[in-house]
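Here are the chains, one letter per residue:
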Amino acid sequence: GENVEQHPSTLSVQEGDSAVIKCTYSDSASNYFPWYKQELGKRPQLIIDIRSNVGEKKDQRIAVTLNKTAKHFSLHITETQPEDSAVYFCAASVGNYGQNFVFGPGTRLSVLP
Amino acid sequence: DTAVSQTPKYLVTQMGNDKSIKCEQNLGHDTMYWYKQDSKKFLKIMFSYNNKELIINETVPNRFSPKSPDKAHLNLHINSLELGDSAVYFCASSQAKVNTEAFFGQGTRLTVV
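Residues numbered from 1 in each chain as written. Chains lettered and ligands numbered in written order. Predicted model: local features only at pLDDT ≥ 70, side-chain atom pairs only at ≥ 80, totals over all residues. Heavy atoms only, no water.

### Some thoughts on the overall build of chain B
The condition is simple: Helix numbering and strand numbering both begin at the N terminus, where a helix is a DSSP run of H or I of at least 4 residues and a strand a DSSP run of E of at least 2. With C-alpha atoms as the basis for the radius of gyration, the globule rule is written as 2.2 Å multiplied by the number of residues raised to the power 0.38.
Tallying secondary structure elements over chain B gives zero helices and eleven strands in all. When the helices and strands of chain B are placed in sequence order, the string is β-β-β-β-β-β-β-β-β-β-β. In terms of C-alpha radius of gyration, chain B reaches 13 Å, essentially the compact-globule figure of 13 Å for 113 residues. Expressed as lengths along the three principal axes of its C-alpha atoms, the size of chain B is roughly 40 × 25 × 25 Å.

If you want it as structure tokens, here you go:
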């Protein structure tokens, strides 16, 4: 089955700096890669996603890159703000019947003012 | 207007009791999930249902029994609760055939004492 690894487990950056979180996956059939942000006591919420036919996607300060050959994908947050502090999860999924999201272990991001 | 709603939000119970958590989604999705999030924040899939049919049943004690009366509902019943069952349980749903994001409920914090 799919296995998703995520690094680092914790990340502290100064406000205004960039943050990068990296994930690897094992199942070459995975074709959808969402990133979720979970604030303390809240539900995980999607912040950006990428499909296997795309190499990069950007949404304002957030970008995701995907290398299918190497089976890794990364989240980039630029100009970090204190409200970016949260736990971030990457996930890999194979679509169609019986979609299954396998999540990485999470990265706790702290943005220091 | 809540997309995925689960009840109760908090559940405190004694060891050995039986309890249920309910989940409903109004997004018209065909796939629903139960995830367990432990104290280390790891999101682990427990069950996945597609159109009321069990698709994924990870290594979960058979004290946990999901029930899907229709594709908009996926309830979780837990028998003989143990201390180690204490965690946050998230229900989620997605539209599997279009391979898009999973929407999460607000979570149920289960504490077994």
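More follows now that the structure is in view.
### Side note on unusual backbone geometry
To be explicit about the condition: The classification of residues rests on relative accessible area computed with a 1.4 Å probe and restricted to protein chains. Under 20% of the type maximum is buried, over 50% is exposed, and intermediate values are partly exposed.
Cis geometry is adopted by the peptide bond preceding Pro8(A), which originates at His7(A) and carries an omega value of -5 degrees. With respect to the secondary-structure elements, Pro8(A) resides in the loop between strand S1 (4-7) and strand S2 (10-14). For the bond from Thr7(B) to Pro8(B), the omega torsion is 0 degrees, close enough to zero to count as cis. Tracing the sequence through the fold places Pro8(B) in the loop between strand S1 (4-7) and strand S2 (10-13). For Glu79(A), which is not glycine, the phi torsion reads 45 degrees and is therefore positive. Along the polypeptide, Glu79(A) turns up in the loop between strand S8 (72-77) and strand S9 (86-94). Accessibility expressed as a relative area gives 52% for Glu79(A), which makes it exposed. Phi angles above zero are rare outside glycine, and Asn51(B) is one such case at about 50 degrees.

### Overview of the packing of aromatic side chains
What counts is decided by this rule: Two aromatic rings, drawn from Phe, Tyr or Trp (for Trp, its six-membered ring), form a pair once their centres lie within 6.5 Å of each other, and the interplanar angle then sorts them: stacked below 30 degrees, edge-to-face above 60, tilted otherwise.
Going through the model one piece at a time under the given rule, you end up with 15 aromatic pairs over all chains. Arranged with centres 6.2 Å apart and planes meeting at 75 degrees, the rings of Tyr32(A) and Phe101(A) form a pair that is edge-to-face. With Tyr32(A) in strand S4 (residues 32-38) and Phe101(A) in strand S10 (residues 100-103), this pair connects stretches of sequence that are 69 residues apart. Comparing Tyr32(A) with Phe101(A) shows no difference in burial state: the two are buried. Taken together, the ring pairs in this structure connect Tyr32(A), Tyr36(A), Phe89(A), Phe101(A), Phe103(A), Tyr33(B), Tyr35(B), Phe90(B) and Phe104(B) into an aromatic cluster.

### Some details on the interface of chain B and chain A
In many reports, interface size means the accessible area that the parts give up when they come together. Quick reminder of the rule: Residue contacts are counted whenever heavy atoms from the two residues lie within 4.5 Å of one another. Using a 1.4 Å probe, buried area is obtained as the accessible area two parts lose upon being combined, added over both of them. Note on definitions: salt bridges are taken to be side-chain nitrogens of Lys or Arg within 4 Å of carboxyl oxygens of Asp or Glu. Ten residues, namely Ala, Val, Leu, Ile, Met, Phe, Trp, Tyr, Cys and Pro, are considered nonpolar, four, namely Asp, Glu, Lys and Arg, are considered charged, and the remaining ones, Gly among them, are considered polar.
If you look at the interface, chain B gives 27 residues, while chain A gives 23 residues. Approximately 2,100 Å² of surface area, both sides summed, lies buried where chain B meets chain A, with 51% of it carried by carbon and sulfur atoms. Of all residues in chain B, Lys41(B), Asn99(B) and Phe104(B) bury the most surface against chain A, accounting for 27% of the area lost on that side. Counting across the interface, chain B meets chain A through zero salt bridges. Put simply, the parts of the chain that give the side of chain B that touches chain A at least two residues each are strand S4 (31-37), strand S5 (43-50), strand S6 (53-57) and strand S9 (87-94) of chain B. Broken down by class, the residue content of the side of chain B that touches chain A amounts to 13 nonpolar, ten polar and four charged.

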